[in-house]
Amino acid sequence: MRAPSGNPARSNSADSAAAGAPIYSGLPGVRKLYSPGATGNMQATSSMENVPRDQRIANLCANVLNQELQSADYAPKWLPTIPLKQGNVLNPPQAAFSTTTQWYDLSFRCEVDADATRVLSFNFRVGGLVPPGDWTRRRFPSLR
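In what follows, the accompanying structure is described. Fair warning: this is a prediction, and the values are worked out from it, not measured in the lab.

How each quantity is defined
Residues numbered from 1 in each chain as written. Predicted model: local features only at pLDDT ≥ 70, side-chain atom pairs only at ≥ 80, totals over all residues. Heavy atoms only, no water. Helix = DSSP H or I, 4+ residues; strand = E, 2+ residues; numbered from the N terminus. Buried < 20%, exposed > 50% of the residue type's maximum accessible area, 1.4 Å probe, protein only. Salt bridge = Lys/Arg side-chain N within 4 Å of Asp/Glu carboxyl O. Core = buried A, V, L, I, M, F, W, Y, C linked by side-chain atoms within 4.5 Å. Pairing = 2+ DSSP bridges. Disulfide = S-S within 2.5 Å.

1. Digging into unusual backbone geometry
Item 1. Even without being a glycine, Asp73 presents a positive backbone phi close to 75°.
Item 2. Relative to the elements of secondary structure, Asp73 occurs in the loop between helix H4 (53-71) and strand E1 (89-90).
Item 3. On the accessibility criterion, Asp73 (43% relative accessible area) is partly exposed.
Item 4. Of note, the phi angle at Ala116 is positive, near 55°, even though the residue is not glycine.
Item 5. With respect to the helices, strands and loops of the structure, Ala116 is situated in the loop between strand E3 (103-112) and strand E4 (119-129).
Item 6. A relative accessible area of 0% means that Ala116 is categorised as buried.

In structure tokens:
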């Protein structure tokens, strides 16, 4: 399978003034935050009330990441779900996602509100392909 749009490093970029958020760690901002519909309605919010805060953040950020990757012409199979023990910003030092056949390096920054019910800003960059020889060392799930 070839990389979407012929460019494995494709990412969304934004006019930072329009996005209302600064760009962090060299990551481009997203043009449109897809999460408000998924994280702003009462049913979604109330269904997450009993989920621990760190897991809510992991779920919120993974959902936005999924939407952003799909918008960038990727079809993600495995996404990182990283709990955040404290604070409001999830910014893992090393992450990756997969399609059905490949793993890609990934950088992202996800900021949530104080209650961890909404994503306030999200930035990401898709890196290069992770060589198959590194999959086991990095403990990636099997793509089969």
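2. Digging into the pattern of salt bridges
When charged atoms on two side chains of opposite charge get close, those side chains can pair.
Item 1. This model, assessed by the stated rule, comprises four salt bridges.
Item 2. Asp134 is paired through a salt bridge with Arg137; the nearest N and O atoms lie 3.6 Å apart.
Item 3. Taking the relative accessible area as the measure of exposure, Arg137 reaches 60% and is therefore exposed.

3. Quick notes on the nonpolar core
Item 1. Formed by 23 residues in total, the largest nonpolar core has its most connected members in Leu106, Phe108, Cys110, Val112, Phe122, Phe124 and Val126.
Item 2. Every element with two or more residues in this core is listed here: H4, strand E2 (95-98), E3 and E4.
Item 3. When residues in this core are grouped by element, the largest group, six residues, is from H4.
Item 4. Of all hydrophobic cores here, the second largest spans six residues; its members include Ala96, Trp135, Phe140 and Leu143.

4. Examining the pairing of E4
Each regular strand displays side chains that alternate between the two surfaces of the sheet.
Item 1. With eight bridges joining them, E3 and E4 adopt antiparallel strand pairing. Residue pairing for E4: Phe108 is matched across the bridge by Phe124.
Item 2. Between the antiparallel neighbours E3 and E4 lie six residues, among them Ala116 with a positive phi of about 55°.

5. Some words on the state of the cysteines
Item 1. Per the counting criterion, the structure on display carries one disulfide.
Item 2. Sulfur-sulfur distance for the disulfide between Cys61 and Cys110 comes to 2.1 Å. Between Cys61 and Cys110 the disulfide shows an S-S torsion of about -85°. By sign, it is left-handed. Of this pair, Cys61 sits in helix H4 while Cys110 sits in strand E3, placing them 49 residues apart in sequence. When sorted by exposure, Cys61 lands in the same class as Cys110, which is buried.

Geometric values such as these leave the question of function open.
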